[in-house]
Amino acid sequence: MLVPLSWLKEYVDIDITPEELEKKLFSCGFEVEELTETGREISGVVVGLVEECEPIPETHLHVCRVNAGAHGSFQVCCGADNVKAGGKFPLALVGATVIMTGKDHKTVEGVMTIKKGKLRGYESEGMLCSGTELGVTENMYPGAGYDGLLALPEAAEPGADVKPMLGLDDWIFDVSITANRPDCQSILGLAREVAAVLDKELKLPAMDYTETEVKKDGFSVTVDAPDLCPRYIGHYVYDVKVGESPLWMRRRLALVGQEPISNIVDITNYVSLEMGQPMHAFDCDYLEGNAIRVRRAAEGERIVTLDSKEYTLNTNNLVICDGVKPVAIAGVMGGLNSEIRDTTGEVMFESAKFVRDNIRKTSRALGKRTDASARYEKGVDEYATIHAMKRALHLIEELGCGKVSCTHVDVNTGNSVEPGELRVSVKRINEVLGIQVPNEEILRILKNLQFAPAINGDELILQVPAFREDMETYQDVAEEVIRMYGYEHVVPTFLWDAKVTLGGQSVEQKKELKLKRVLCSLGAYECIHYSFISPSDLDMLRLPEDAPERRVIRLLNPINEELSLMRTTLAASMLNAVSRNQKKGNLSGRLFEAGKVFIPGELPIKDYPDERDTLCIGIFGEQESFFTLKGMAEKLAETMFGHFVYEPAGRPFLHPYQAADILCEGEKVGYLGKVAYEVAEELDLRTDAYLLELDLKKLSALCDKKEVFIPLPKFPDEKRDLALVMSKEVTCGQVEETIRNACSHVGDIKLFDVYEGGQIPQDKRSMAFTVQFLPGEEAFEADSVDRFVKKILKNLKYHLDIDLRS
Amino acid sequence: MSERSDRFAGIRQEILEGMEKRVESRAAAFELRKQFLDSKTGKIGQMMKEMKNIAPEERASFGKSVNELKEWAQQKFAELDEKMKAKELRLRYELEKIDVTMPAEERETGNLHPVTQIRNQLMDIFVGMGFEVAQTREIEKDYYNFEALNIPKDHPARDMQDTFYLSPEFLLATQTSAAQIHTMEKKKPPIKIVAAPGKVFRSDDDATHSPMFHQMEGLVVDKKITLCDLKGMLDLFVKKIFGEETTTRLRPSYFPFTEPSVEVDVSCYACGGKGCKLCKGTGWIELLGAGIVNNKVLENCGIDSEQYSGLAFGIGLDRTAMLKYGIGNVKLLFESDLRVLSQINDN
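Just so it is clear, the model here is predicted, and its values are computed rather than measured.

Cut-off values and rules
Residues numbered from 1 in each chain as written. Chains lettered and ligands numbered in written order. Predicted model: local features only at pLDDT ≥ 70, side-chain atom pairs only at ≥ 80, totals over all residues. Heavy atoms only, no water. Helix = DSSP H or I, 4+ residues; strand = E, 2+ residues; numbered from the N terminus. Rg over C-alpha atoms; globule rule 2.2 N^0.38 Å. Buried < 20%, exposed > 50% of the residue type's maximum accessible area, 1.4 Å probe, protein only. Contact = heavy atoms within 4.5 Å. Areas by Shrake-Rupley, 256 points an atom, 1.4 Å probe, with all protein chains shown as cover. Lys, Arg positive; Asp, Glu negative; His and termini not counted. Charge placed at Lys NZ, Arg CZ, Asp CG, Glu CD. Phe/Tyr/Trp six-rings, centres within 6.5 Å; stacked < 30°, edge-to-face > 60°. Domains from an automatic or database assignment. Buried area = accessible area lost by both parts, 1.4 Å probe. Salt bridge = Lys/Arg side-chain N within 4 Å of Asp/Glu carboxyl O. Polar contact = N/O pair within 3.5 Å; in protein donor to acceptor, adjacent residues only side chain to side chain. Nonpolar A, V, L, I, M, F, W, Y, C, P; charged D, E, K, R; others polar. Patch = residues over 30% accessible without salt bridge, like charges linked within 9 Å, V, L, I, M, F, W, Y side chains within 5 Å. Pairing = 2+ DSSP bridges. Axes fitted to C-alpha atoms, helices over the stretch in contact; angles between N-to-C directions.

With that out of the way, let us pick up the overall build of chain B. What chain B contains, in helices and strands, is 11 helices and 9 strands. In terms of overall size, chain B is more extended than a compact globule, its C-alpha atoms giving a radius of gyration of 42 Å where 347 residues would be expected to give roughly 20 Å. Taking the principal axes of the C-alpha coordinates as reference, chain B spans close to 130 × 45 × 45 Å. In chain B, which comprises 347 residues, the share counted as buried stands at 53%. Contacts in chain B between residues far apart in sequence, at least 24 positions, make up 66% of those at least 6 positions apart. Carbon and sulfur atoms form 50% of the exposed surface of chain B, whose accessible area is close to 16500 Å². Averaged over its 49 positive side-chain charges, chain B has a centre that lies 8 Å from the centre of its 54 negative ones.

So this is what it looks like as C-alpha cells:
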C-alpha cells in the first residue's frame, strides 16, 4: 500500500524522520518495502527571477539574465514560449539534476545533470525548467502541465529551493499489510498504528455534514442476499455539479498513482484510500425504478462495466441492480450504464460490506481484479462502511459539488459497530510472552491502540473497536502488547519448563539417508525434481494406454500442462535431467533421486493416495554399461541387507535385450536397463544412458534384517573352478541358482570367464565359475567337496543340460 | 708355507678384483660368490677338499687359514650384496620416477543435494534438542492444510492462485504445517517434533519462485511454553547453522495458526550485521516464520489450551541452502546440473 507522508501527517503529528518512521513501523509489524522521496531525481533547482530577456535573432530562443538570490545571477538561454522578464521560474543551476525528456517534452528518458553550455554562441549557465522536467504534473501543481516553463508564484523568493514549493519533498511509504489487519489497508488505518507507536493523538478527518429537507420519494434498497451483503448504505445527493476536484485532492490521488477523474468519482476514490472502504456513485438519471436491489445474478445475465467490457454472470456473482437491470458487479466494478458523466445532476452513493470470499470468487472467475475487489477480498469492516459514507458526504459539502439529501437507507443484518468487550487475564498474557510487562505499559499500549483498557486485579477489560475483527483472545492481546512494547524485551530461554524428550529419526529416514550416502560414495549426485510431470513425459516413455503409470492424479489448476500430473514414475524426470546435462556439455555422470511417486486408489481421488518412496538412478557416459549400473544395484542390496535377483524383462523405454526386473525375496521391486535408442534420440542424448528405479517402500519391508555380526568361520573354506558348457539360451543367473540349490554349503559364486567358438559347439558357450564352499560347524571331510561338486554337476546336467568342459 | 700363503693372498686378490671389475648387480655378485664359496665347485670350497692331501701336522693351520679365508670372503660378499641391493634399489627408484604434477586419477564421489545437506544439519541440531522427526505428505486434505490450522474458508491464503487442487478435498500441501495437526492428533503432550523436510507447493513460477520448495516444520507443545522459549531455541539453532556470532531478531508478523506470530531475522553472517549486498544493507536476513501455537489449533486437535501451550516454526530449506551457499537462483536447485551439484559438499 502506498502511503504519502504528507497525507499521513494529516492525522498524526509526525516529528521524526521518514527513516525513523520506517523503523518504527517495522518494529510494530508493518514492513516498509520501499521508501521513496517524491523528488529524488531533482536537486539544485531554485527559484529564478528573470530580470532581462532578449530574443536571439533568427531563433525561438531567448537569452536571459536570471537572478537566483544567494546563488548569484546567471545568463541562461531558454527556448520556452512563456519566458519573460519579471517572471519567476524554476532554475536548474549548473550541477543540478533534473528529468531528461524526449523531443515531445513529455516522454521521460532519464535523469540529466546540468552543465555549462553555449547556444548559438551565447553562454548558458543553467536551465529554466518545465513541470515535466521536475517530475511535476498538473495534478500536483497548477500550470505544471504546460508545455513550457513552470510559472512560480509572485511570492516565491529567488534562490529558494523549489522542492517544498512543488511538493517534491514528500515521501512515499510502500507498506506491506499482513492479512489479519485489513483495517490498516487505508491511510487512516495506518495512521492509527503510527499514532499508537509514536504515543500521539489520532486526528480523525471531518465527517460532519448537514442534510437538507430534500427527499427522494419512494426510493428503496432491498438486499435479497444478506449472506453475501451484510450491510448496504445508500445516500442520495442532488444539485451535483460535476467538475474538477481541488488541487489538494488531485495531488493526493496522484501521489498514490490514482488518476483524478472528476470531483464525484474522486471523492469515492479518495474515501476508499483514506478510510479503506470502497465506494461507488451511481448517476440517478440512469437508475430505473427508483430502487436499488442487491441480489445474485441470474444465470447468463450480462453487464457492461465502466471499462466497456461485457461479462456474462451466473448465480455465484452478486450484482447491484436498479429496479430493472444490473448496474454494478458488487464489490468489483460499476456498470457503464450508470456511470458519472459531466452532465450528472443526482448521485446515489453506495457504501457496502460484501462477503470477502464471494468477491474473491467473482473476481477470479471473471478475471477482473480492481482496487475495490482487492479491498473486499482482504475484508472491510462495517465501522468503515458507516464512516466512509459520512466522510464522502462531508466532502460533497466541502467541495461544494452537491447537496446532501435526507434520503439515507441503511440495510443491515444487525451487526454492531459499537466496541465489543473483551476480558482476558493479565497473567495469561505474560505467560504467553514469558516476561512480565508492567501493568502501566500494558494500559498505555492498549489505550494507544484505542482499546480503552482497564485492569481489575488479574482481569484486563478491553473495549475492542469494530474495526479490530482480529481481536478475540488473550493471545491476540499478547501480540498487541509485545509488538508495541518491543520484541527486544523477549529474553531467550530454552524450554525451561518443558519435559525432557528423546529425539531421533525413524528407521526409514535413517535407511534412506544411508542409501543416499552409499550412492554418493559410488560417484552419484543427488537430485531433486518436481513432483509433477507432463503428459508428454509419459509419451516420451512410450508407455501404452493401459500402463499403470498412466493412472495418474491430475492437478485441477496446474501452472501449465507441463506441470499437470503427479508423477507415477521418477524415470521421466531423471531422463530429462540426463538430457539437460548433456545439452550443457556434461557428457558423463551419475545422478540419483529419492522421491515419491503417487499411486491413486480411486480416480478422481477420494482418499490419500499411496505416496511411495522411490529411488531412481540415471547414469550416462562412455564408461558406463548395464553392468556398472548393476554394480550400483548390488551395492544397494548390500546396504539394505537384501539380495537381488535379475530377470530379463523389457520396458517400453528400455533396450529390449539390456533390461531386467529386480526381484527381492521373489517380489518385483524395480527394474534397470539401458535407455532405448528411440528415447535417447528424442531426448538428444549423445551417449548411452542407463536407468534404474526401485520401490523403496516395498524393498524396505522385504529387507528387515538387523545388522548382526556373523562369527568368522572356524574351518577353512574350499574353492573349485568349474568350466561349464551350455546352450546359449541358458543364463548365468540360472546356472548360479542351480548351483546354489544343489548344495547348501555354496558361498560366493564368481563368473571368471565366458568363451564361445574354438572347440565349443556353435550353439553353445562356456562359462567358468569359481565356487566357494563354506564348512558349517564341522570341518569338511576329505571327499565332502568332491561329493558336492558331483551333485552340482548332476543337477546342472539334469535341469539345464550343462556339461563340464572337457 | 709362503707358497701357500701366496695362494691365499692370490684368492683374496682375485675376489677383490672380481668384485671391483665384474660385479654390477646382485645377480653378478651371487655368481662371483659361487665361484669361490660354492661348497662343491667354488675355489674355497675345493680347498676344503684338499685337506685330506695335506700332511696331518699342517692340517690344523691349513684348515684355520681356509676358514679365515672363507669367513673373510663371506663377509666381503655380504657387504657386496648389501651394496648391490642398495644400488639396485636406487636404480629402481630412479626408473620409477614420476612427474608428481601430472593430473590425479580421480575416483568420483557424489554429493547429497544441497537441500538434503541443509536438512541433515537441521535434523542433527533438532534431534540433539530432543525432537522427533515426523514425516509429511505431499498430498494433503483441505482440512489438515487449512481448516485445522485456523485458515477458514474465505481466507486469502486459500486462493486458487496459491494452492494446487487435486479435487475439492485434496490439494498439494502448501506448507508442512499440516504435520502439526497430524502429530497432535496422534500424540499427547509433551510433544517435540520436527516434520521431516517436506516438499510443498505454491502456484508461483517466476524468476525467484519455484512452484515446489522444501519446508521444515517444528512444534513443541508442553506446559508453559513462551515466546522466550521460542527465541532461546531459535538463537541456539541459528548459531549452529550460521556460526556462533549469529543473533536473531523477532518482529511481528501474521500466520493464522500462531498468535503471536513472528518473522525471525538472523544477523547477516556475510557482513556480521554491518550491511552488505546479501542483506541489502540492513544487516539482517529474513530466515523463518514462527510463533506461539494459536489456541484454536490446539483445541482443534483436542489439546487443552488451558493446560498446554505450544510454539511452532517453519523454515524454508531451499532459501536456507541458497543463503548459506550463496546460490543465487532457486531454479538451479531443481535442474540437476552436475556443475551445480558437484560444488556443495557440506556434510
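Turning our attention to the packing of aromatic side chains. This structure, assessed with the given rule, holds 22 aromatic pairs over all chains. Measuring from ring centre to ring centre gives 5.7 Å for Y530 of chain A and F334 of chain B, while their planes differ by 50°; the resulting arrangement is tilted. Of the two residues, Y530 of chain A sits in the loop between β26 (525-526) and β27 (532-533) while F334 of chain B sits in the loop between α10 (317-325) and α11 (338-341), which places them in two different chains. Under the relative-accessibility criterion, Y530 of chain A is labelled buried at 18%. Both rings, one in F255 of chain B and one in F257 of chain B, keep their centres 6.1 Å apart while their planes meet at 25°; by these two values the pair is stacked. With a relative accessible area of 10%, F257 of chain B lands in the buried category. Chaining the aromatic ring pairs together yields one cluster made of Y530 and F532 of chain A together with F164, F201 and F334 of chain B.

Domain boundaries in chain B define domain 1 (2-95) and domain 2 (114-341). For domain 1 of chain B versus domain 2 of chain B, the distance between C-alpha centres works out to 88 Å.

The next point concerns the interface of chain B and chain A. How big an interface is tends to be reported as the loss of accessible area on association of its parts. Counting residues at the interface gives 99 residues for chain B and 89 residues for chain A. The largest per-residue losses of area from chain B upon contact with chain A belong to C228, P252 and L338 of chain B, which jointly make up 9% of the total buried on that side. Between R251 of chain B and E31 of chain A there is a salt bridge, with its nearest N and O atoms 3.5 Å apart. At the surface where chain B touches chain A, the tally comes to 34 residue pairs in polar contact (both at pLDDT 80 or more). No other element matches the 8 residues that helix α8 (residues 227-242) of chain B contributes to the side of chain B that touches chain A. Across the side of chain B that touches chain A, the residue classes tally to 40 nonpolar, 27 polar and 32 charged.

So, on to a negative patch on the surface. Together, D81, D104, E109 and D147 of chain A make up a negatively charged patch on the protein surface. Positionally, D147 of chain A belongs in the loop between β10 (127-128) and α3 (163-166).

We now examine the pairing of strand β31 (residues 644-648) of chain A. Residue and element names in this part refer to chain A. Pairing geometry for β31 and strand β32 (residues 654-664), over 5 bridges, is antiparallel. Each bridged residue has a counterpart across the sheet, and for E647 the counterpart in β32 is D661. Where β31 hands over to β32, the hairpin turn is made up of 5 residues, counted between the paired strands.

To continue, consider unusual backbone geometry. L603 of chain A connects to P604 of chain A through a cis peptide bond whose omega is -10°. Considering the arrangement of structural elements, one finds P604 of chain A in the loop between β29 (589-599) and β30 (610-620). Of note, the bond from P189 of chain B into P190 of chain B is cis; its omega dihedral lies within 30 degrees of zero at 0°. By the element assignment, P190 of chain B lies in the loop between α7 (178-186) and β4 (191-201). A positive phi angle, close to 50°, is found at R120 of chain A, a residue other than glycine. Its location among the elements puts R120 of chain A in the loop between β8 (117-119) and β9 (122-124). Unlike most non-glycine residues, N290 of chain A shows phi in positive territory, near 55°.

Turning our eyes to something else, we now look at the sheet that holds strand β1 (residues 2-4) of chain A. Residue and element names in this part refer to chain A. Read across the open sheet, the 3 strands follow the order β1-β11-β2; overall the sheet is antiparallel. Here the strands that pair on one side only, and so sit at the sheet edges, are β1 and β2 (31-37). When the angles between neighbouring strand axes are averaged without regard to direction, this sheet yields 25°.

What follows concerns the domain arrangement of chain A. Examined at the domain level, chain A breaks down into domain 1 (2-38 + 171-198), domain 2 (43-166), domain 3 (220-412), domain 4 (420-485), domain 5 (507-702) and domain 6 (718-804). Taken over C-alpha atoms, the centre of domain 4 of chain A sits 56 Å from the centre of domain 5 of chain A.

Side-chain pairs of opposite charge can arise whenever the charged atoms involved come near each other. Taken as a whole and assessed by the stated rule, the structure comprises 82 salt bridges over all chains. Notably, a salt bridge pairs K584 of chain A with E335 of chain B, separated by 3.8 Å at the nearest N-O pair. A residue pair is termed interchain when its members come from two chains, as with K584 of chain A in the loop between α15 (571-583) and β29 and E335 of chain B in the loop between α10 and α11. Judged by its relative accessible area of 35%, K584 of chain A is partly exposed. R339 of chain B is paired through a salt bridge with D337 of chain B; the nearest N and O atoms lie 2.6 Å apart.

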